[in-house]
Amino acid sequence: MATATLSATQLLPLSLPKPSQKPRHANFPFQSLNPSPRLFSSNGFVSNCSPIQALLNSTPITTEAGSEPEPFTLRQICQSHVPDHVLCRMEELGFVVPTPVQRQALPTLFSGRDCILHAQTGSGKTLTYLLLVFSIVNARRSAVQALIVVPTRELGMQVTKVARMLATKPKEDELEQKSCTVMALLDGGMLMRHKSWLKAEPPTIVVATIGSLCHMLEKHMIKLEAMRVLVIDEVDFMFSSKQVSSLRKLLTSYSSINTRQTVFASASIPQHKIFLDKCIQQKWTKNDAIHVHVNPVEPMPSCLHHRFVICLKNRRHETLLSLLQSDAPQSAIVFVGEQSEKSKKAGNAPSATLLINFLKASYEGYSDILLLEEDMNFNSRAASLSEVRQGGSYLLVSTDIAARGLDLPETTHIYNYDLPRTAIDYLHRAGRTGRKPFSDKKCSVTSIIISKERFVLEKYENELMFNCEELIV
Ligand SMILES: Nc1ncnc2c1ncn2[C@@H]1O[C@H](COP(=O)(O)OP(=O)(O)OP(=O)(O)O)[C@@H](O)[C@H]1O
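Just so it is clear, the model here is predicted, and its values are computed rather than measured.

> Is there a simple way to explain the overall build of the protein in this structure?
From N to C terminus, the protein includes 19 helices and 15 strands. Residues classed as buried in the protein amount to 54% of the 473 residues present. For the protein, the proportion of contacts with a sequence separation of at least 24, taken over those separated by at least 6, is 76%. Approximately 21,900 Å² of the protein is accessible, and the part contributed by carbon and sulfur atoms is 53%.

Given below as structure tokens:
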């Protein structure tokens, strides 16, 4: 069976360098295994969209004699694939220079290969797969042609927003040709309204949680026969969730690899070689599926400063308060563990609620301290997030519901009020900061632990290859 991976993970020694020992060839796998994309044409760089693009286009590209120039803007990588109005919107939104995952994966994706996109949190995987989607769908065709499956309603709303922003056409262009429509088919959404929409005119792109999607499939309200691209975001999380059987059904029964291109994305894909083999064996992907692994020796962004504080179990509230007072972060997320069933049954208040009450009473750094947790209804969840997105300054207290995929780029500080359960959970929580791809501004991740938990944190340090500094508060 021919499997391929754009990574050198399996060649690495067991004791991998920690980020402080800067890897000598962080991008080596890409350079060696993925030949430079050759998407240039003699008139290929002409754009009339944005001043920044015009400036970049006018910059002469110096290359060694005889060699082809490396594309250095997203437009150059995408222009023979993605419609011009999408590229213009992309540039208006500030996406001009490709991030490493975009530079590395887009040529492979445009070549039609199924792909496992494996790159750090905040590295720009969403734009990567959306550009593929826009390169494939045809707005004139009235059928669902792209499906993006996400684990939570919150992430779904975020992806839908970016897709809609990219799809928007100037009014005068819309008269000539309509834009792609994007439907958010998410848990807690108004499925009745969606049913009428699907009946009247199917959207081009659907962003869905697996529960809502399967409901629509079972009721024969949505048809996937015309689907040409399927993206499963946060794939490792999806495969470890309760909905795995529905996901398998989607990959094999509701659609076929022969008619679609399949993309799996995540910042963490444990045992990725086995996963890739399984994808091929199970016919979730075609035989030549590829694993694009960006910067495998550094699983977390290098701009993160990891710290920990040891305190007594009954002093966590006060310890967090002292940290907030000394850091005075503009925008921060405090992660708390989910309440156990036992504690719920005993009628205890969730620790997130107790913490919020404490902070509201004793910390004056924020006008709004917001809560996000599973047990809140969807409207309150949406209200918390929209407040966070609007305000320049926020303190969000959340369970792991905010740990996957959520993009709040202004967040500079993460606090683990409770230690995450696994190294992967640590990686995703930490990845809610350091989300500005071209900024190396330091952001911090601070874990509040009791002395017994130090060895757990050490285990995460080894697994994820980072160093944690002890703080004395
Ligand atoms: N080419 C680009 N130039 C500038 N900013 C970008 C570019 N691509 C993406 N971004 C920004 O980077 C941030 C992170 O992108 P995105 O949400 O896609 O990360 P991700 O890789 O999906 O992370 P996660 O694994 O945490 O979900 C977003 O705020 C996005 O707008």
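> Would you take a moment to explain the packing of aromatic side chains for this structure?
To describe a pair of aromatic rings, you give the distance between the ring centres and the angle between the ring planes. Applying the stated rule across the entire model yields five aromatic pairs. Each ring, one from Tyr426 and one from Phe466, has its centre 4.9 Å from the other, and the planes form 15°; the classification is stacked. In this pair, Tyr426 sits in helix 18 (residues 423-430) while Phe466 sits in the loop between helix 19 (454-464) and strand 15 (468-471), placing the two residues 40 residues apart along the sequence. Tyr426 gets classed as buried once you look at its relative accessible area, which sits at 0%. Taken together, the ring pairs in this structure connect Phe239, Phe264, Phe275 and Trp284 into an aromatic cluster. The aromatic ring of Tyr417 is capped on one face by Arg316, whose charged end is 6.0 Å from the ring centroid.

> Help me out: how do you make sense of the site of the ligand in this one?
Around the ligand, the structure places 22 residues, and the nearest of them are Gly122, Lys125, Thr126, Asp407 and Arg435. A distance of 3.4 Å is found between an oxygen atom of the ligand and a side-chain nitrogen or oxygen belonging to Glu234. A distance of 2.8 Å is found between an oxygen atom of the ligand and a side-chain nitrogen or oxygen belonging to Arg435. Protein burial of the ligand: of its 640 Å² of free accessible surface, 89% is covered by the chains.

> What should I look at first to understand the pairing of strand 11 (residues 369-372) in this one?
Each regular strand shows side chains that alternate between the opposite faces of the sheet. Residues Ile369 and Leu371 point to one face of strand 11 and Leu370 and Leu372 to the other, with burial holding for every one of them. One ladder, built from four bridges, connects strand 11 with strand 12 (residues 394-398); its direction is parallel. Following the sheet pairing, Leu372 is matched in strand 12 by Ser398.

> Explain the side chain of Thr412 to me, please; I cannot follow it from the model alone.
By secondary structure assignment, the location of Thr412 is in the loop between strand 12 and strand 13 (413-416). Not counting chain neighbours up to four residues away, the residues in contact with Thr412 comprise Pro329, Gln330, Ser331, Thr433, Lys441, Cys443 and Ser444.

> How do you make sense of the packing of helix 7 (residues 153-167) against helix 17 (residues 378-390) when you look at a structure like this?
How two helices pack is summed up by the angle between their axes together with the distance between the axes. Contact geometry of helix 7 with helix 17 gives a least axis separation of 11 Å together with a crossing angle of 50°. Considering their axes alone, helix 7 and helix 17 lie oblique with respect to each other. Helix 7 and helix 17 meet at a crossing whose hand is right-handed. Contacts from Arg153, Glu154 and Gln158 of helix 7 reach helix 17 at Phe378, Arg381, Leu385 and Arg389. Considered class by class, the residues forming the contact of helix 7 with helix 17 number two nonpolar, one polar and four charged.

> Any chance you could explain the packing of helix 10 (residues 210-218) against helix 12 (residues 244-252) here in plain terms?
It is the contact of helix 10 with helix 12, at a shortest axis distance of 10 Å, that shows an interaxial angle of 55°. Of the possible angle classes, the one that applies to helix 10 and helix 12 is oblique. Classified by chirality, the crossing of helix 12 by helix 10 is left-handed. Along the contact surface, helix 10 presents Ile210, Leu213, Cys214 and Leu217, while helix 12 presents Ser246, Leu247 and Leu250. Split into classes, the residues belonging to the contact of helix 10 with helix 12 amount to six nonpolar, one polar and no charged.

> What is the right way to read the nonpolar core from this model?
Generally speaking, soluble globular proteins have nonpolar side chains that are buried together. Ile148 and Ile205 are the most contacted members of the largest nonpolar core, which totals 47 residues. In terms of residue count, helix 6 (residues 125-136) provides more of this core than any other element does, eight residues in total. Residues in contact with Ile205, not counting those within four places in the same chain, are Val133, Phe134, Val137, Ala146, Ile148, Cys180, Thr181, Val182 and Met183. Counting residues in each nonpolar core, the second largest holds 34 residues, with Leu147, Leu185, Val206 and Ile232 among its members.

> Help me understand the confidence of the model for the protein in this model?
Low-pLDDT portions of the prediction should not be read for the details of their coordinates. Predicted confidence across the protein gives a mean pLDDT of 84, with 83% of residues reaching 70 or more. Every residue in residues 7-65 is under pLDDT 50, and counting partners more than four places away or in other chains gives 84 contacts. Reported for the predicted complex are a pTM of 0.86 and an ipTM of 0.99.

> What is the right way to read the sheet that holds strand 11 from this model?
Where strands meet in a sheet, backbone hydrogen bonds hold them as pairs that are either parallel or antiparallel. Reading across the sheet, the seven strands line up as 11-12-10-13-14-9-15 and stay open at both edges, with parallel pairing between neighbours. Edge positions in the open sheet fall to strand 11 and strand 15, since each of these has one partner strand only. Ignoring which end each strand starts from, the neighbouring axes of this sheet average 20° apart. Relative to strand 12, strand 10 (residues 331-335) runs parallel, the two being bridged by five bridges. Residue Ala332 lies in a different strand from strand 12, and its bridge partner there is Leu395. Sitting on the sheet, helix 17 is in contact with strand 11 and strand 12, with an inclination near 140° to strand 11.

Conventions and cut-offs
- Throughout, residues of each chain are indexed from 1 in the direction in which the sequence is written.
- Since the coordinates come from a predicted model, pLDDT governs what is reported: local features require at least 70, and pairs of side-chain atoms require 80 or more to be given and counted, while whole-chain, interface and lining totals use all residues.
- Excluded from the side-chain calculation are hydrogens and water; included are all heavy atoms of the structure.
- Numbering of helices and strands starts at the N terminus; helices are DSSP runs of H or I of at least 4 residues and strands are runs of E of at least 2.
- Whether a residue is buried, partly exposed or exposed follows from its accessible area with a 1.4 Å probe, protein chains only, as a fraction of its type maximum: under 20%, in between, or over 50%, in that order.
- We call two residues in contact whenever any of their non-hydrogen atoms come within 4.5 Å of each other.
- All accessible-area figures derive from a Shrake-Rupley calculation using a 1.4 Å probe, and residue coverage is judged against the displayed protein chains alone.
- Between 30 and 60 degrees the pair is tilted, below 30 it is stacked and above 60 it is edge-to-face, where a pair is any two Phe, Tyr or Trp rings, Trp via its six-membered ring, whose centres lie within 6.5 Å.
- Criterion for a charge above a ring: Lys NZ or Arg CZ within 6 Å of the ring centre, and within 35 degrees of the ring normal.
- Only heavy atoms are used to decide nearness, and a residue is near a molecule or strand if one of them lies within 4 Å of it.
- We define a polar contact as two N or O atoms separated by no more than 3.5 Å, with the added condition that, inside protein, one atom must be a possible hydrogen donor and the other a possible acceptor, whereas residues neighbouring each other in sequence contribute only through side-chain atom pairs.
- One requirement defines pairing of two strands: DSSP has to find at least two bridges between them.
- Lines fitted to C-alpha atoms define the axes, with helix axes restricted to the stretch in contact, and inter-axis angles between N-to-C directions lie between 0 and 180 degrees.
- If an angle is under 35 degrees, it is roughly parallel; if it is over 145, roughly antiparallel; if it lies from 65 to 115, roughly perpendicular; otherwise it is oblique.
- Less than a right angle of anticlockwise turn of the near helix away from the far helix marks a crossing as left-handed, whereas a clockwise turn marks it as right-handed.
- As a working rule, the residues Ala, Val, Leu, Ile, Met, Phe, Trp, Tyr, Cys and Pro are called nonpolar, Asp, Glu, Lys and Arg charged, and the rest polar, with Gly in that last group.
- For the purposes of this section, nonpolar cores are sets of buried Ala, Val, Leu, Ile, Met, Phe, Trp, Tyr and Cys residues that join through side-chain atoms within 4.5 Å.
- Each residue carries a pLDDT score, the predictor's confidence in it, ranging from 0 to 100.

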